[in-house]
Amino acid sequence: MSDTMIFVNLPVKDVEATRSFWGKLGYSFNAQFSDENSASMVISDSIVAMFLTEARYKDFTHKEIADATRTSEVLLCLSAGSRAAVDELVDAAVGAGATEPRPAQDHGVMYGRAFDDLDGHTWEIMWMDPSMVQG
């Protein structure tokens, strides 16, 4: 199923603030699927984050929306091409208003840091030594 895509839907309080935050990190948005209630952020050819106002998000669920600043709803992990790329992205996120919830985790063959975005969603950024992945 190599053509499978993932669309991660996350509720946000302010779509424009979210768009600005992620734009500062170098991400782009698909205007065709974005409006005043949503922002479609392209992570890769097969991964899209859909940031939806809480009102719009409620159109898709009958459940209570988690307050990600108080409870853990999901941990999102993105790979990075190098240790330096991990640091670059997390440092940029913190500079744009994110918080860093924990110290870096350095396991030699794996290195990762995390940040909580403007709405408290935790994004982990991880580098793994390619020789360990290749088997």
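Anyway, here's the lowdown on the structure attached to this text. (Residues numbered from 1 in each chain as written. Predicted model: local features only at pLDDT ≥ 70, side-chain atom pairs only at ≥ 80, totals over all residues. Heavy atoms only, no water.)

A closer look at the overall build of the protein chain
Tallying secondary structure elements over the protein chain gives four helices and eight strands in all. Starting at the N terminus and ending at the C terminus, the protein chain contains elements arranged as β-α-β-β-β-α-β-α-β-β-β-α. Computed over C-alpha atoms, the radius of gyration of the protein chain comes to 15 Å, within 12% of the 14 Å expected from 2.2 N^0.38 for 135 residues, which places it in the range of a compact globule. C-alpha atoms of the protein chain, sized along the principal axes, occupy 45 × 35 × 30 Å. Out of the 135 residues belonging to the protein chain, those deemed buried represent 36%. Total accessible area computed for the protein chain in this model is approximately 8,100 Å², and 52% of it derives from carbon and sulfur atoms. Taken as two groups, the 10 positive and 21 negative side-chain charges of the protein chain have centres that lie 4 Å from each other. (Helix = DSSP H or I, 4+ residues; strand = E, 2+ residues; numbered from the N terminus. Rg over C-alpha atoms; globule rule 2.2 N^0.38 Å. Buried < 20%, exposed > 50% of the residue type's maximum accessible area, 1.4 Å probe, protein only. Areas by Shrake-Rupley, 256 points an atom, 1.4 Å probe, with all protein chains shown as cover. Lys, Arg positive; Asp, Glu negative; His and termini not counted. Charge placed at Lys NZ, Arg CZ, Asp CG, Glu CD.)

A closer look at the sheet that holds strand β5 (residues 75–79)
Strands sit in the order β5-β8-β7-β6 across an open sheet of four strands; the sheet is mixed. The open sheet is flanked by β5 and β6 (105–106), the only strands paired with a single partner. Each of β6, β7 (110–116) and β8 (122–128) is contacted by helix α3 (residues 83–95), which is oriented at about 10° to β7, the strand it contacts most. (Pairing = 2+ DSSP bridges. Contact = heavy atoms within 4.5 Å. Axes fitted to C-alpha atoms, helices over the stretch in contact; angles between N-to-C directions.)

Considering the sheet that holds strand β1 (residues 6–12)
Strand order in the open sheet formed by four strands is β1-β4-β3-β2, with mixed pairing between adjacent strands. Because the sheet does not close on itself, it has two edges, and the strands there are β1 and β2 (28–29). The sheet contacts of helix α1 (residues 15–24) involve β1, β2, β3 (38–44) and β4 (47–53), and relative to β3 the element is tilted by about 20°.

Some thoughts on α3
Taking 1.5 Å of rise per residue, 13 residues should cover 18 Å, and α3 covers 18 Å from first to last C-alpha, within 8% of that figure. Within α3, burial applies to Val86, Leu89, Val90 and Ala93. The buried residues of α3 all sit within an arc of 90° when viewed along its axis, so they share a single face. Turned more than 90 degrees away from the buried face of α3, the exposed residues are Ala84, Glu88 and Gly95. Summarising the contacts, the buried residues of α3 are in contact with α1, β7 and β8. Positive phi appears at Gly97, one or two residues downstream of α3, with a value of about 120°. (Expected span 1.5 Å × (residues − 1). Arc of directions from axis to C-beta.)

Considering a nonpolar patch on the surface
A contiguous nonpolar patch, built from Val109, Met110, Met128, Met132 and Val133 and spanning about 420 Å² of accessible area, is present on the exposed surface. Met128 sits in the partly exposed class, given a relative accessible area of 39%. (Patch = residues over 30% accessible without salt bridge, like charges linked within 9 Å, V, L, I, M, F, W, Y side chains within 5 Å. Salt bridge = Lys/Arg side-chain N within 4 Å of Asp/Glu carboxyl O.)

Observations regarding the nonpolar core
Grouped together as the largest cluster of nonpolar side chains are 26 residues, with contacts concentrated most on Phe21, Trp22, Leu25, Phe51, Phe115, Trp123 and Ile125. Taken together, the elements giving at least two residues each to this core come down to β1, α1, β3, β4, β5, α3, β7 and β8. Here this core takes four residues from α3, the largest share from any one element. Each residue touching Trp123, except ones within four places of it in the same chain, is listed here: Leu10, Trp22, Ile43, Ala49, Phe51, Leu76, Leu78, Arg113, Ala114, Phe115 and Asp117. (Core = buried A, V, L, I, M, F, W, Y, C linked by side-chain atoms within 4.5 Å.)

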